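# Report on the structure
The lines below spell out each chain.
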Amino acid sequence: LSGDVTEAADLAEAVRRTEAELGSLTLAVNSAGIANAAPAEEMDLTQWQRVIDVNLTGVFLSCQAEARVMLSRGHGAIVNIASMSGTIVNRGLTQAHYNASKAALSISGESLEMELARAGRSRVTITIVEPGLFEREQLVRHPTAAYAAADLDRALCVGCGEASDGLTITLRALACAVEVHDVD
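Residues numbered from 1 in each chain as written. Predicted model: local features only at pLDDT ≥ 70, side-chain atom pairs only at ≥ 80, totals over all residues. Heavy atoms only, no water.

## Topic: the pairing of strand β2 (residues 75–81)
As a reminder of what qualifies: Remark: exposure states derive from per-residue accessible area (1.4 Å probe, protein chains only) relative to the maximum for the residue type, with buried under 20%, exposed over 50%, and partly exposed in between. We count a stretch as a helix when DSSP gives it H or I for four or more residues in a row; a strand needs E for two or more, and each element gets its number in order from the N terminus. Strands are labelled as partners when DSSP assigns at least two bridges between them. Orienting the strands away from the viewer, one traces the path from the first strand over the helix to the second; a clockwise path indicates a right-handed crossover.
Burial within β2 is extensive, with five of its seven residues counted as buried. One ladder, built from four bridges, connects strand β1 (residues 27–30) with β2; its direction is parallel. Bridging across to β2, Val 29 finds its partner in Val 79. For the crossover from β1 across helix α2 (residues 45–73) to β2, the handedness is right-handed. Strand direction decides the pairing type here: β2 and strand β3 (residues 123–131), joined by seven bridges, are parallel.

## Remarks on the pattern of salt bridges
Just so we agree on the cut-off: The term salt bridge refers to a pairing of a side-chain nitrogen on Lys or Arg with a carboxyl oxygen on Asp or Glu at a separation within 4 Å.
Within the structure shown, the criterion is met by three salt bridges. We note a salt bridge from Arg 16 to Glu 13, for which the minimum N-O separation is 2.7 Å. Within this pair, Arg 16 and its partner Glu 13 are both found in helix α1 (residues 8–22), separated by three residues, close to a single helical turn. Under the relative-accessibility criterion, Glu 13 is labelled partly exposed at 32%. Residues Glu 19 and Arg 73 are paired through a salt bridge, measuring 2.7 Å at the closest nitrogen-oxygen approach.

## A few points about the side chain of Ser 83
To be explicit about the condition: Residue contacts follow a heavy-atom distance rule, with two residues in contact if any of their heavy atoms lie within 4.5 Å.
Mapping Ser 83 onto the fold places it in the loop between β2 and α3 (96–118). With near-sequence residues (within four places) excluded, Ser 83 lies in contact with Tyr 98, Lys 102, Val 129, Glu 130 and Pro 131.

## Observations concerning the environment of Pro 131
Along the chain, Pro 131 falls in strand β3. Along the sequence, Pro 131 and Ser 85 sit 46 residues apart, while their C-alpha atoms lie 8.7 Å from each other.

## Let's talk about the packing of α2 against α3
Threshold: Between N-to-C directions, angles span 0 to 180 degrees; the directions come from axes that are lines fitted to C-alpha atoms, helices contributing only their stretch in contact. When describing relative orientation, an angle under 35 degrees is termed roughly parallel and one over 145 degrees roughly antiparallel, while 65 to 115 degrees is termed roughly perpendicular and anything else oblique. Handedness of a helix crossing follows the sense of rotation of the near helix relative to the far helix, less than a right angle counterclockwise being left-handed and clockwise being right-handed.
Contact geometry for α2 and α3: axes closest at 9 Å, N-to-C directions at 20°. Taken together, α2 and α3 sit at an angle that is classed as roughly parallel. Along this stretch, α2 crosses α3, giving a crossing that reads as right-handed. Contacts between α2 and α3 involve Gln 47, Trp 48, Val 51, Ile 52, Asn 55, Leu 56, Val 59, Phe 60, Cys 63, Ala 67 and Leu 71 from the former and Ala 96, His 97, Tyr 98, Ala 100, Ser 101, Lys 102, Ala 104, Leu 105, Ser 108, Leu 112 and Leu 116 from the latter.

## With respect to α1
What counts is decided by this rule: The span you would expect from a helix comes to 1.5 Å times its residue count less one. Taking the helix axis as origin, the arc is that swept by the directions to the C-beta atoms.
The terminal C-alpha atoms of α1, which comprises 15 residues, lie 21 Å apart, in line with the 21 Å expected from a rise of 1.5 Å per residue. Taken residue by residue, α1 has Leu 11, Val 15 and Glu 19 as its buried positions. One side of α1 holds all its buried residues, which, seen down the axis, span an arc of 75°. Seen from the buried face of α1, the exposed residues on the opposite side, beyond 90 degrees, are Ala 9, Ala 20 and Glu 21. Contact partners of the buried residues in α1: α2.

## A look at the nonpolar core
Looking at soluble globular proteins, one finds that nonpolar side chains tend to be buried together. Going by this rule: To qualify as a nonpolar core, a set must consist of buried Ala, Val, Leu, Ile, Met, Phe, Trp, Tyr and Cys residues joined through side-chain atoms within 4.5 Å.
Counting 24 residues, the largest nonpolar core has Leu 25, Met 70, Ile 78, Leu 116, Val 124 and Ile 126 as its most contacted members. Of all the elements in the fold, those that place two or more residues in this core are α1, α2, α3 and β3. Tallying contributions element by element places α2 first for this core, with eleven residues. The contact partners of Leu 25, leaving out residues within four places of it in the chain, are Val 15, Thr 18, Glu 19, Glu 66, Val 69, Met 70 and Arg 73.

Right, dumping it as structure tokens:
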């Protein structure tokens, strides 16, 4: 299955195929995000807009497609992966567009859940997960972020064990360095 997270038709097709091949969609995780760092004063508007389109609009369109089938059944759970960068400023990184998209993603998730609950005919929840920095290839380009991630890892993952690969690091980050907002 391939598609574009910024295209509503692609997302509707993904939900349709998921249900056709795997059964009813009751849980969805949306983790759309790109970051292409640039100083705000030099950033071209198309660069800003692309990050907003993928990180915010893409997740909104995903929620919309998922909620449509979940509402018809009266229940479901959606998890949106945002970022701690939506609530803090990462010193030394030039990513105002990324931070803005993740901040908007957090509040829009809360708003969407309220709207779905207002429909009164279902219980569709939206949970916002705001992971912190964790070790990955992108951090190699940003020494300040890599340093902060190492400090965060030491501070929050005491006793979590050693990571041996990217998946383990990601899971450890989600288990140890994540702030979760369950929007009830």
